[in-house]
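Descriptive structure summary
Single-letter residue listing:
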Amino acid sequence: MAGNKRKAEEVSNGPKRKSPHACLSTTDGVDLTKDETAGVLTLKGEEEIKVTGYSFGAVKAVAGEVVFNTGMVGYPEALTDPSYRGQILVLTFPLVGNYGVPDDEAKDEHGLLKYFESNNIHITGLIVSEYCAQYSHWNATQALGSWLKKHNVPALFGVDTRMLTKIIREKGSMLGK
């Protein structure tokens, strides 16, 4: 209809606070590296909703259905789960990346990948609240951001994922880009 414009709604990125353990969120005084650029996720529904954050994966534009995962552990497994193929995944756990990513070629005694659900990352994009670039785990071989870049998957941190999840629950399935 003529004269009927979509309303743009800005989503709050949550409270500003100091981030511990070299992890990055929407904080004052965090020195973002040159690879971390501002990014925007636009949700398309009855209303257009823009969510801003910082990039820590591949820097590219993507589109897909925006879905969320409320699990507390297992982001390497979630990202390689074929059921998320082509979707932009929002992880609601507040800190992601702190235990890195294990060896993506290690196999068990049956010849199956030891730490992943499949051979590939199936998500189209990743949205998290706080990203920890410095991982600490005996089994990790690389940072989450490096792994995502290697597989050409964009990701944003500094987003209030609780608010985003609430919007998706209330408004239903939404496309994002």
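As a reminder, the structure under discussion sits directly above these lines.
Note that residues are indexed from 1 along each chain, following the sequence as it is written. Only residues with pLDDT of at least 70 get local features here, since the model is predicted, and only at 80 or more are side-chain atom pairs given and counted; chain-wide, interface and lining totals rely on the full set of residues. Note: side-chain values were computed over all heavy atoms of the structure, leaving out hydrogens and water.

**Focus: the overall build of the chain**
Think of it this way: any DSSP run of H or I at least four residues long counts as a helix, any run of E at least two long counts as a strand, and we number them from the N terminus. Within the chain, the secondary structure is distributed over three helices and 13 strands. The buried share among the 177 residues of the chain stands at 47%. The long-range fraction of contacts in the chain, counting pairs at least 24 apart against all pairs at least 6 apart in sequence, stands at 73%. Each residue's exposure class comes from its accessible area (1.4 Å probe, protein chains only) as a fraction of the maximum for that residue type: buried when under 20%, exposed when over 50%, partly exposed otherwise. Residue contacts are counted whenever heavy atoms from the two residues lie within 4.5 Å of one another.

**Focus on the pattern of salt bridges**
A side-chain nitrogen of Lys or Arg and a carboxyl oxygen of Asp or Glu constitute a salt bridge if their distance falls within 4 Å. In total, this model carries five salt bridges according to the counting rule given. Where glutamate 48 meets lysine 50, a salt bridge forms, and the shortest distance between an N and an O atom there is 3.7 Å. Notably, a salt bridge pairs aspartate 160 with arginine 162, separated by 3.3 Å at the nearest N-O pair. Accessibility expressed as a relative area gives 58% for arginine 162, which makes it exposed. The structure contains a network of salt bridges with shared partners spanning Lys44, Glu48 and Lys50.

**So, helix H3 (residues 161-171)**
Side chains that are three or four residues apart share a direction in an α-helix, a result of its 3.6 residues per turn. Where H3 is concerned, the buried positions are Thr161, Leu164, Thr165, Ile167 and Ile168. An end-on view of H3 places all buried positions within 160° of arc, on one side of the element. Exposed residues lying more than 90 degrees from the buried face of H3 are Arg162, Arg169 and Glu170. Looking at the buried residues of H3, the elements they touch are strand S3 (38-44), strand S4 (48-55), strand S5 (64-69), strand S6 (87-91), strand S9 (125-127) and strand S13 (174-176). With a side-chain oxygen positioned 3.2 Å from the backbone nitrogen of arginine 162, the residue opening H3 is aspartate 160. Of the residues one or two after H3, glycine 172 is the one with positive phi, at around 85°. It is the directions from the helix axis to the C-beta atoms whose arc is reported. As used in this structure description, the phrase polar contact means that two N or O atoms lie within 3.5 Å; if the pair is within protein, one of them must be able to donate a hydrogen and the other to accept it, and residues adjacent in sequence are counted only when both atoms belong to side chains.

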